Amino acid sequence: MTQRGRATRPTGPAGRPRRADGPRAGGRGGAPRGDLSARRDRLREVIEPVVTAAGYDLEDLSVSRAGRRHVVRVIVDADGGINLDAVADVSRAVSAALDAAEEAGGDIVAGEYQLEVSSPGVDRPLTLPRHWRRNVGRLVKVTVRGAAGVPEQRTAGDRQVTGRVVEADDERVVLETDAGRVAHRYAELGPGRVQVEFSRLDDIDEADELDAAGEADEDDETDIDDEDDVEDEER
């Protein structure tokens, strides 16, 4: 869901708010990295309570520059997933909260901004227990660390494991692999990646084709019965 940020102050010819509190950025423009980091922290203070109050988790928040504007990207999720209507509701709530915060305390995002609210894609890494819990039943590839409990440290004992998530709680995840079921504590695992299963898509397509064929056969039988009834009436 994409929504245009509204300028809260008079705008100049290029549609960018006029600023009287400092010189305009020269050259290519753009805020320093530290400034973007500070804005991200301030944005989180405003946005996270809104997302939580709506019953969702704030999975990611980023702010970047795109030409003359900032782009604020918000990723939200929940157990059971989040549909487009819910994303739209969250987007409106976040937009209203940002407007209220700017009216109360000045610009949170300097100039015009574009707000993008969406749900996580399948390519997002599984890094928290809730991520694993929400992907029970899916095929996942993950690195099992040789040095358990040492995040971001790869060793010669590290190995790639592909398995289906069958259980996940706050302490561990259970994977169904070719070697059987195995449980891993999260400290032993790197970020998990959901694998796209094309065979399942083929099965679904086949099932749809069979259903369609079955419906067609039923229609044909009905037509034959109708013709027989017409012949009986004529006789």
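Residues numbered from 1 in each chain as written. Predicted model: local features only at pLDDT ≥ 70, side-chain atom pairs only at ≥ 80, totals over all residues. Heavy atoms only, no water.

Considerations on the overall build of the protein chain
When you go through the protein chain residue by residue, the secondary structure sums to 4 helices and 9 strands. Reading the secondary structure of the protein chain in the N-to-C direction produces β-α-β-β-α-β-α-β-β-β-β-β-α. Restricting to contacts in the protein chain with at least 6 residues of sequence separation, those with at least 24 account for 59%. Only carbon and sulfur atoms are counted for the fraction: they give 46% of the accessible area of the protein chain, which is about 14900 Å². (Helix = DSSP H or I, 4+ residues; strand = E, 2+ residues; numbered from the N terminus. Contact = heavy atoms within 4.5 Å. Areas by Shrake-Rupley, 256 points an atom, 1.4 Å probe, with all protein chains shown as cover.)

Topic: the pairing of strand 2 (residues 57-66)
With 9 bridges connecting them, strand 2 and strand 3 (residues 69-77) associate as antiparallel partners. Following the sheet pairing, Leu58 is matched in strand 3 by Val76. (Pairing = 2+ DSSP bridges.)

Overview of the packing of aromatic side chains
Inspection of the entire model under this criterion finds 1 aromatic pair. When the ring of Trp132 is compared with that of Tyr186, the centres are 6.5 Å apart and the planes differ by 40°; the resulting orientation is tilted. Placement of Trp132 in helix 3 (residues 129-133) and of Tyr186 in the loop between strand 8 (180-185) and strand 9 (193-194) is noted, with a sequence separation of 54 residues between them. Across the pair, Tyr186 and Trp132 agree in class, each one buried. (Phe/Tyr/Trp six-rings, centres within 6.5 Å; stacked < 30°, edge-to-face > 60°. Buried < 20%, exposed > 50% of the residue type's maximum accessible area, 1.4 Å probe, protein only.)

Description of the sheet that holds strand 7 (residues 172-177)
Reading across the sheet, the 5 strands line up as 8-7-6-5-9 and stay open at both edges, with antiparallel pairing between neighbours. Every interior strand has two partners, whereas the edge strands, strand 8 and strand 9, have only one. One ladder, built from 6 bridges, connects strand 7 with strand 8; its direction is antiparallel. Residue Leu175 lies in a different strand from strand 8, and its bridge partner there is Val182.

Focus: helix 2 (residues 84-105)
With 22 residues, helix 2 should reach 32 Å at 1.5 Å per residue; the first-to-last C-alpha distance of 31 Å fits that figure. Three or more residues of helix 2 are buried, namely Ala86, Val87, Ala88, Val90, Ser91, Val94, Ser95, Ala97, Leu98, Asp99, Ala101 and Glu102. Regarding helix 2, its N-cap is Asn83, as a side-chain oxygen of that residue lies 3.2 Å from the backbone nitrogen of Asp85 further along. Positive phi appears at Gly106, one or two residues downstream of helix 2, with a value of about 90°. (Expected span 1.5 Å × (residues − 1). Polar contact = N/O pair within 3.5 Å; in protein donor to acceptor, adjacent residues only side chain to side chain.)

Brief notes about the nonpolar core
Leu43, Ile47, Val51, Val72, Val74, Val76 and Val94 are the most contacted members of the largest nonpolar core, which has 27 residues in total. At the level of secondary structure, the elements contributing two or more residues to this core comprise helix 1 (33-53), strand 2, strand 3, helix 2 and strand 4 (113-118). Top element by residues in this core is helix 2. It accounts for 7 residues. With residues up to four places along the chain from it excluded, the contact list for Val72 reads Leu43, Ile47, Leu61, Ser62, Val63, Val109, Tyr113, Gln114, Leu115 and Glu116. Membership of the second largest hydrophobic core comes to 13 residues, among which are Leu126, Trp132, Tyr186 and Leu189. (Core = buried A, V, L, I, M, F, W, Y, C linked by side-chain atoms within 4.5 Å.)

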